[in-house]
Amino acid sequence: MAELTLPLFPLSTVLFPGGHLLLRIFEPRYLSMVSSCMREEHGFGVVLIEKGSESGSAEFATMGTIAEIVDWHQGSDGLLGLTTEGRDRFRVTGYEQQADGLYIGTIEMLAKEQRENLTENFSGLTELLKGLLEDAGAPYDRMPTDFDDASWVGYRLAELLPLPVSLKQSLLELEDARRRLERLEPQIAELAASDDV
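Residues numbered from 1 in each chain as written. Predicted model: local features only at pLDDT ≥ 70, side-chain atom pairs only at ≥ 80, totals over all residues. Heavy atoms only, no water.

Chemist: Just to check I follow, could you spell out helix α3 (residues 150–160) for this structure?
Modeler: Every α-helix winds through 3.6 residues per turn, so residues three or four apart in the chain are directed the same way. Extensive coverage of α3 is indicated by the burial of 10 of its 11 residues. Taken residue by residue, α3 has A150, S151, W152, V153, G154, Y155, R156, L157, A158 and E159 as its buried positions. Of the surrounding secondary structure, the elements contacted by the buried residues of α3 are β2 (20–25), β6 (80–97), α2 (123–136), α4 (165–173) and α5 (177–193). Two or three places before S151, at the opening of α3, D149 has a side-chain oxygen 3.1 Å from that residue's backbone nitrogen. (Buried < 20%, exposed > 50% of the residue type's maximum accessible area, 1.4 Å probe, protein only. Helix = DSSP H or I, 4+ residues; strand = E, 2+ residues; numbered from the N terminus. Contact = heavy atoms within 4.5 Å. Polar contact = N/O pair within 3.5 Å; in protein donor to acceptor, adjacent residues only side chain to side chain.)

Chemist: Looking at this model, I keep getting lost on the nonpolar core. Mind explaining?
Modeler: One recurring pattern in soluble globular proteins: nonpolar side chains tend to sit buried together. Ranked by internal contacts, the top residues of the largest apolar core, which has 29 residues, are L157, L161, L171, L181 and L184. In terms of residue count, the dominant contributor to this core is α3 (six residues). Look past the residues within four positions of L157 in its chain and what remains in contact with it is L125, L128, L129, L132, L184 and I188. In this structure, L21, M33, F44 and L80 belong to the second largest nonpolar core, which totals 18 residues. (Core = buried A, V, L, I, M, F, W, Y, C linked by side-chain atoms within 4.5 Å.)

Chemist: Honestly, the environment of I107 in this entry has me stumped. Any pointers?
Modeler: Mapping I107 onto the fold places it in strand β7 (residues 103–109). For I107, a relative accessible area of 1% translates into the label buried. Each C-alpha atom of the pair I107 and L8 lies 9.9 Å from the other, and the pair is 99 residues apart in sequence.

Chemist: Could you clarify how one ought to interpret the environment of T126 in this entry?
Modeler: Tracing the sequence through the fold places T126 in helix α2. Residue T126 is classed as buried on the basis of its relative accessible area, which comes to 8%. Expressed as a C-alpha distance, the spacing of T126 and D149, which sit 23 residues apart in the sequence, is 10.0 Å. Filtering out sequence-adjacent residues up to four positions away, T126 remains in contact with L118 and F147.

Chemist: For this particular structure, what's the right way to read the packing of α3 against α5?
Modeler: The axes of two packed helices give the description: the angle between them and the distance between them. Look at α3 against α5: their axes get within 9 Å of each other, and the N-to-C directions meet at 35°. Relative to α5, α3 is oriented so that their crossing is left-handed. Here A150, S151, V153, G154, Y155, L157 and A158 of α3 come into contact with α5, specifically with A177, R180, L181, L184 and I188. (Axes fitted to C-alpha atoms, helices over the stretch in contact; angles between N-to-C directions. Left-handed = near helix turned anticlockwise from the far one by under 90°.)

Spelled out as structure tokens, the structure:
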């Protein structure tokens, strides 16, 4: 598969395909990145910080998700607010850091997961997800739903549940929707036992 170049935004969170991520932008390097993305109609890559910080230099995961800007506004505090939506996953094969601090990655796009119907043994996860979405509010209240798709259900649970980001990253990296749901089940049982869901 052909390699592409893309600006990277290391964050302390994981973006999943089909998910939403709200951002407040103030650093010059990212204001410039957003301007370029909107002008040239391309997204940017969200990658999880493994060491370092969002405002400085960072070491980050090699697998991430393309974020597409779907809405923006200027906040009363002067910061730029973005609503982004996760698209396809990618793998970073190399990167460089520009003089302004912006990371530019060489990436390889990963194949989309094939749609897999949710089986009856995971029906309890669907009911849990419906409750989580009801409580989540905007922008999830406007999100198209697909409760029959194992991939969609797994991604939404992974992003909404209060799980460690390292676990969220490992769930993003899984190539199989059923295995992702199987990994989530014991985590959900543990959260339920501690009244966190």
